[in-house]
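Secondary and tertiary structure notes
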Amino acid sequence: QSTAALSAAGFKLVTLANNHIMDYGESGLLSTFKACQKFGIDYVGAGENIQKARKVYTTKVRDRTVAILNFAENEFSTTNGIDHGANPLDIVDNYRDIVEARSIVDIVLVIVHGGHEMYDLPSPRIKNTLHFFAEAGATAIIEHHAHCYSGYEVYRGVPIFYGLGNFLFDIP
């Protein structure tokens, strides 16, 4: 039902690298992939193994090519190689993926699921990591996970959003 609603609202892509993507195990992840495919929604940031989870999504927007990369802080949901899961926040691999994407596209959007929940400021570690991603070639960076607005900055010409708050969140 959620995927149908996303499709009806016009969404064409979802980012799946997050700490809950493996809550229902391998079958839950595969079900998510199937639901996305059924409704014509692409996804990035998760896969049946690390190679598929690291796959960069590319698209054309007007006359520019855009790459979208999606990473999640290392929790129980990230893949460690052969397992299903989210694309892990791994500074070395993430750097390589950003540099490679930047060499073949015009715009590199990096989306990171991480940070401290319900805390409205980024940690020094997160700021340092996202600054590094900007230096690697990201055009813009969006972090989410805090469930609240966590500020933004422009670092070396790269907008970095540390938390946009919740788009939709059901709290009992």
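What counts, and at which threshold
- Residues numbered from 1 in each chain as written.
- Predicted model: local features only at pLDDT ≥ 70, side-chain atom pairs only at ≥ 80, totals over all residues.
- Heavy atoms only, no water.
- Helix = DSSP H or I, 4+ residues; strand = E, 2+ residues; numbered from the N terminus.
- Buried < 20%, exposed > 50% of the residue type's maximum accessible area, 1.4 Å probe, protein only.
- Salt bridge = Lys/Arg side-chain N within 4 Å of Asp/Glu carboxyl O.
- Contact = heavy atoms within 4.5 Å.
- Expected span 1.5 Å × (residues − 1).
- Pairing = 2+ DSSP bridges.
- Axes fitted to C-alpha atoms, helices over the stretch in contact; angles between N-to-C directions.

Once that is clear, we can look at unusual backbone geometry. The phi angle at Arg62 is positive, at roughly 55 degrees, despite the residue not being glycine. Within the fold, Arg62 resides in the loop between strand E4 (57-61) and strand E5 (64-72). According to the relative accessible area criterion, Arg62 is exposed, its value standing at 80%. Phi at Arg156 is positive, roughly 50 degrees, even though this residue is not glycine. Locating Arg156 in the fold gives a position in the loop between strand E9 (152-155) and strand E10 (158-161).

Once that is clear, we can look at the pattern of salt bridges. Under the counting rule described, the total for this entry stands at six salt bridges. Note that Glu48 and Lys52 form a salt bridge whose closest N and O atoms lie 3.9 Å from each other. Judged by its relative accessible area of 26%, Glu48 is partly exposed. Between Arg54 and Asp97 there is a salt bridge whose closest N-O contact spans 2.6 Å. Of the two residues, Arg54 is situated in the loop between helix H3 (50-53) and E4 and Asp97 in helix H4 (residues 91-104); the sequence distance between them amounts to 43 residues. Exposure remark for Arg54: the relative accessible area of 25% places this residue in the partly exposed category. When salt bridges with common partners are traced through the structure, they connect Arg54, Asp93, Arg96 and Asp97 into a single cluster.

This paragraph deals with the side chain of Asn18. Here Asn18 is to be found in the loop between strand E1 (13-15) and helix H2 (25-38). Setting aside residues up to four positions removed in sequence, Asn18 forms contacts with Ala72, Ser77, Ala86 and His113.

What follows deals with helix H5 (residues 124-136). Helix length check: H5, at 13 residues, gives a terminal C-alpha distance of 18 Å against a target of 18 Å (1.5 Å per residue), a fit within 8%. Those residues of H5 not exposed but buried are Ile126, Thr129, Leu130, His131, Phe133, Ala134 and Ala136. Where the residues of H5 are buried, they touch E5, H4, strand E7 (107-113), strand E8 (140-144), E9 and E10. Of the residues flanking the end of H5, it is Gly137, one or two places downstream, whose phi is positive at about 130 degrees.

Another point: the sheet that holds E7. Pairing is mixed across the open sheet formed by six strands, whose spatial order is E4-E5-E7-E8-E10-E9. Looking along the sheet, the strands with just one partner apiece sit at the ends: E4 and E9. Averaged over neighbouring strand pairs, the angle between their axes works out to 20 degrees when direction is ignored. Both E7 and E8 contribute to a ladder of five bridges, which runs parallel. Across the sheet, the residue bridging to Val112 is Glu143, located in E8.

It is worth spelling out the pairing of E4 at this point. Note: E4 against E5, five bridges, orientation antiparallel. Paired with Thr58 across the two strands is Ala67, which belongs to E5. Linkage of E4 to E5, two consecutive antiparallel strands, is achieved through a turn of two residues, within which Arg62 is found at a positive phi near 55 degrees.

Function cannot be read off these values alone, since they describe shape.
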